[in-house]
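This is what each chain is made of:
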Amino acid sequence: MLKFLKSLCKRSGEDSATGTPDTGDTGEVAEYQGYRIQPTPRQANNGWTTEAIITRELDGVLQTHHFIRADTSPDLQGAITLSVTKSKTTIDQVGDRLFSGQSQGRTPDHASAGADADSVG
């Protein structure tokens, strides 16, 4: 889990002018049909990205998926809203297949919303 948290910090980086993080990870978590959606938009050249970590416990193992879409938003709140909306649509369309192809999950005792995320698409 520590490796994943470090990668999030490294991935988000900092704004070189202000020294402040450029990540949209606000700590907000949406619950939807047994899934947890943690929006994690990042500031990019053309706006804020549409990203989230989607997790769900299946058979005692916490499964994770790093959800990324090409859509961008001009502001952080719009990116958070879009990330949650697009995540819910994907959950409705794909369901637990979202986690197929994962090499490993995490047991709930050793995981949080920040478990290792495998990008499936």
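### Focus on the overall build of the protein chain
- Per the secondary structure count, the protein chain includes two helices and five strands.
- Along the protein chain, helices (α) and strands (β) appear in the sequence α-β-β-β-β-β-α when read from the amino end.
- In the protein chain, which comprises 121 residues, the proportion classed as buried is 36%.
- Intrachain contacts of the protein chain at a sequence separation of at least 6 include 54% that bridge at least 24 residues.
- When the accessible surface of the protein chain is split by element, carbon and sulfur atoms take 49% of a total near 6,800 Å².

### A look at helix α2 (residues 76-94)
- The end-to-end C-alpha separation of α2 is 26 Å, in line with the 27 Å expected for 19 residues at 1.5 Å each.
- Burial in α2 covers these residues: Ala 79, Ile 80, Ser 83, Val 84, Ser 87, Thr 90 and Ile 91. The buried residues of α2 all sit within an arc of 130 degrees when viewed along its axis, so they share a single face.
- Against β1 (30-32), β2 (35-39), β4 (47-58) and β5 (61-73) lie the buried residues of α2.
- Gly 95 sits one or two positions beyond α2 and adopts a positive phi of about 60 degrees.

### Looking at the pattern of salt bridges
- Considering all chains together, one arrives at four salt bridges under this definition.
- The partner of Arg 42 in a salt bridge is Glu 51, with the nearest N and O atoms 2.7 Å apart.

### Describing the nonpolar core
- Of all hydrophobic cores here, the largest spans 11 residues; its members are Ala 30, Tyr 32, Tyr 35, Ile 37, Ala 52, Ile 54, Phe 67, Val 84, Ile 91, Leu 98 and Phe 99.
- Of all the secondary-structure elements, those providing two or more residues to this core are β1, β2, β4 and α2.
- In contact with Ala 52, not counting residues within four places along its chain, are Ile 37, Gln 38, Pro 39, Thr 40, His 65, His 66, Phe 67 and Ser 87.

### Section: unusual backbone geometry
- One non-glycine residue, Gln 33, lies in positive phi territory at about 50 degrees.
- Look at Asp 59: it is not a glycine, yet its phi comes out positive at around 55 degrees.
- When you line up the elements, Asp 59 lands in the loop between β4 and β5.

### With respect to the packing of aromatic side chains
- Taken as a whole and assessed by the stated rule, the structure comprises one aromatic pair.
- We note Arg 56 situated over the ring of Tyr 35; from NZ or CZ to the ring centre the distance is 4.5 Å.

### Regarding the environment of Thr 55
- Structurally, Thr 55 can be placed in strand β4.
- Residue class for Thr 55 comes out buried when judged on its relative accessible area of 3%.
- As for Thr 55 and Leu 98, which are separated by 43 residues in sequence, their C-alpha atoms are 9.8 Å apart.

Cut-off values and rules
- Residues numbered from 1 in each chain as written.
- Predicted model: local features only at pLDDT ≥ 70, side-chain atom pairs only at ≥ 80, totals over all residues.
- Heavy atoms only, no water.
- Helix = DSSP H or I, 4+ residues; strand = E, 2+ residues; numbered from the N terminus.
- Buried < 20%, exposed > 50% of the residue type's maximum accessible area, 1.4 Å probe, protein only.
- Contact = heavy atoms within 4.5 Å.
- Areas by Shrake-Rupley, 256 points an atom, 1.4 Å probe, with all protein chains shown as cover.
- Expected span 1.5 Å × (residues − 1).
- Arc of directions from axis to C-beta.
- Salt bridge = Lys/Arg side-chain N within 4 Å of Asp/Glu carboxyl O.
- Core = buried A, V, L, I, M, F, W, Y, C linked by side-chain atoms within 4.5 Å.
- Phe/Tyr/Trp six-rings, centres within 6.5 Å; stacked < 30°, edge-to-face > 60°.
- Lys NZ or Arg CZ within 6 Å of the ring centre and 35° of its normal.

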